[in-house]
Amino acid sequence: MNLDSQTPEENWKPQDPITNGRLQEIRFWVTIMKEHALFIAAGLPCDQPQLIAEARAFFERFQALEDKVKQAKVISPKLLAEIIAAVKALIAFKRGLLKMIIQCQIRTAILPLFLDHITREAIHFLEILINPPKPLDSLQQILKRAVFWLRIMKEHIEFIIHLLDPSERQLIEQAEALLEVFRRLLETARDLESMSEADPRFFNAAVRFIFEVNDRTNELRDFKALTHELVVLCRVLSIIPDPVVTDHVRREADKFLKELEAFKSVTNICESLLSQNANN
Ligand SMILES: [Fe+2]
Ligand SMILES: [Fe+2]
């Protein structure tokens, strides 16, 4: 379902050139992958030196790739192949660990859902690397992406709740209120994504929803930034292994917000229809 009669390319004129946008996207995700390796290494028990060494090797591999993509003006096919191979290997490592945890072969401080979460993020990155860049030009695609991110945002809140000390009652209460909001948003996004398969000519309720998601994600982003500040200043009791964790989830919220900005520019035609209807 195209939102208007223009081609997707015309829709996306105000955006950065695809190569630039894609380069930034790759830079973002390579850093995220590097940090996932760090979190795994921090959560493995000391009686698993082999697995810890493997996680550290992934950290170094992605750190080297991070240096390369930071300096690169364009991603050469050789560099792209290198990144793809590293991401595929990291996915296999994460899945292997999750399997061992599920089967109680290893006992770690890593939540199984957290491993599943970071595996999904790696798969999402792999899809970006493998598929040619394509702007999200339909509400159906936008809603699909919103479902991906809302699930990620909801889980971040769940992880924060589990990492905070039970005595941090006020912060936990704040997080629980946000969790309720994001559970509802995720459920609605799934409903709307399913309804969008009917291919309506316009879908203003879904446009309104995207704007609501934007507002709520801003609130969540601020909560994550506050939590990060507390961790850095040593003003909160938690088992957060490194302040990178809270900064990481804050950056992922910022990434979602950036994508929501793009969604809003794609959907602004429907939005003007929406305000016209409201005025009449
Ligand atoms: Fe992540
Ligand atoms: Fe995440």
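Residues numbered from 1 in each chain as written. Chains lettered and ligands numbered in written order. Predicted model: local features only at pLDDT ≥ 70, side-chain atom pairs only at ≥ 80, totals over all residues.

1. Focus on the overall build of the protein
Inference 1: Each helix and strand counted, the protein has 9 helices and 0 strands in total.
Inference 2: Tracing the protein from N to C terminus, the helices and strands come up as α-α-α-α-α-α-α-α-α.
Inference 3: In the protein, which comprises 280 residues, the share counted as buried stands at 29%. (Helix = DSSP H or I, 4+ residues; strand = E, 2+ residues; numbered from the N terminus. Buried ≥ 20, exposed ≤ 12 C-beta atoms within 10 Å, placed from the backbone.)

2. A short note on the environment of alanine 225
Inference 1: Positionally, alanine 225 belongs in helix H8 (residues 204–232).
Inference 2: Alanine 225 gets classed as partly exposed once you count the C-beta atoms within 10 Å, which come to 16.
Inference 3: With 24 residues separating them in the primary sequence, alanine 225 and valine 249 have C-alpha atoms 9.0 Å apart.

3. Notes on the packing of helix H3 (residues 49–71) against helix H4 (residues 77–102)
Pairs of packed helices are described in terms of their axes, by the angle between the two and the distance that separates them.
Inference 1: Running from N to C, H3 and H4 cross one another at 155°; their axes reach a closest spacing of 11 Å. Viewed along their axes, H3 and H4 adopt a mutual orientation that is roughly antiparallel. Along this stretch, H3 crosses H4, giving a crossing that reads as left-handed. For the pair H3 and H4, contact is made by Glu54, Phe58, Arg61, Phe62, Leu65 and Lys68 and by Leu79, Glu82, Ile83, Ala86, Leu90 and Phe93, respectively.
Inference 2: Looking at side-chain class alone, the contact of H3 with H4 contains 8 nonpolar, no polar and 4 charged residues. (Axes fitted to C-alpha atoms, helices over the stretch in contact; angles between N-to-C directions. Parallel < 35°, antiparallel > 145°, perpendicular 65-115°, else oblique. Left-handed = near helix turned anticlockwise from the far one by under 90°. Contact = placed C-beta atoms within 7 Å. Nonpolar A, V, L, I, M, F, W, Y, C, P; charged D, E, K, R; others polar.)

4. With respect to the nonpolar core
Nonpolar side chains tend to gather and get buried jointly when the protein is soluble and globular.
Inference 1: Grouped together as the largest cluster of nonpolar side chains are 61 residues, with contacts concentrated most on Met33, Leu150 and Ile210.
Inference 2: Secondary structure elements with two or more residues in this core: helix H2 (18–43), H3, H4, helix H5 (112–130), helix H6 (139–163), helix H7 (169–196), H8 and helix H9 (243–279).
Inference 3: Per-element accounting of this core gives the leading share, 10 residues, to H6.
Inference 4: The residues that make up this core include at least three from each of domain 1 (1–135) and domain 2 (136–280). (Core = buried A, V, L, I, M, F, W, Y, C linked by C-beta atoms within 7 Å. Domains from an automatic or database assignment.)

5. Quick notes on H4
Inference 1: Taking 1.5 Å per residue, 26 residues should reach 38 Å; H4 reaches 37 Å between its end C-alpha atoms and fits that length.
Inference 2: Considered for burial, the residues of H4 that qualify are Ile83, Val87, Leu90, Phe93, Lys94 and Leu97.
Inference 3: Within two residues after H4, cysteine 104 carries a phi angle of roughly 55°, on the positive side. (Expected span 1.5 Å × (residues − 1).)

6. Some details on the packing of H4 against H5
Inference 1: At a closest axis distance of 9 Å, the pairing of H4 and H5 adopts a crossing angle of 160°. Taken together, the axes of H4 and H5 lie roughly antiparallel to each other. For the crossing formed where H4 meets H5, the hand is left-handed.
Inference 2: Residues belonging to the contact of H4 with H5 are distributed by class as follows: 19 nonpolar, 1 polar and 4 charged.

7. With respect to the environment of glutamate 259
Inference 1: Within the secondary structure, glutamate 259 is located in helix H9.
Inference 2: Looking at glutamate 259, the number of C-beta atoms within 10 Å reads 18, which means it is partly exposed.

8. Considering the environment of alanine 42
Inference 1: Counting through the fold element by element, alanine 42 comes out in helix H2.
Inference 2: Ignoring sequence-local partners within four residues, the contact set of alanine 42 consists of Pro241 and Asp242.

9. What about unusual backbone geometry?
Inference 1: The residue aspartate 199 is not glycine, and still its phi comes out positive at about 55°.
Inference 2: We classify aspartate 199 as exposed; it has 10 C-beta atoms within 10 Å.
Inference 3: Even without a glycine there, the phi angle at cysteine 234 is positive, about 60°.
Inference 4: Mapping cysteine 234 onto the fold places it in the loop between H8 and H9.
Inference 5: Here cysteine 234 falls in the exposed class, since 8 other C-beta atoms lie within 10 Å of it.

10. Quick word on the confidence of the model for the protein
Inference 1: Across the protein, pLDDT averages 90, with 88% of residues at or above 70.
Inference 2: Confidence drops under pLDDT 50 across residues 1–18; counting only partners more than four residues distant or on other chains, this segment forms 27 contacts. (pLDDT = per-residue confidence, 0-100.)

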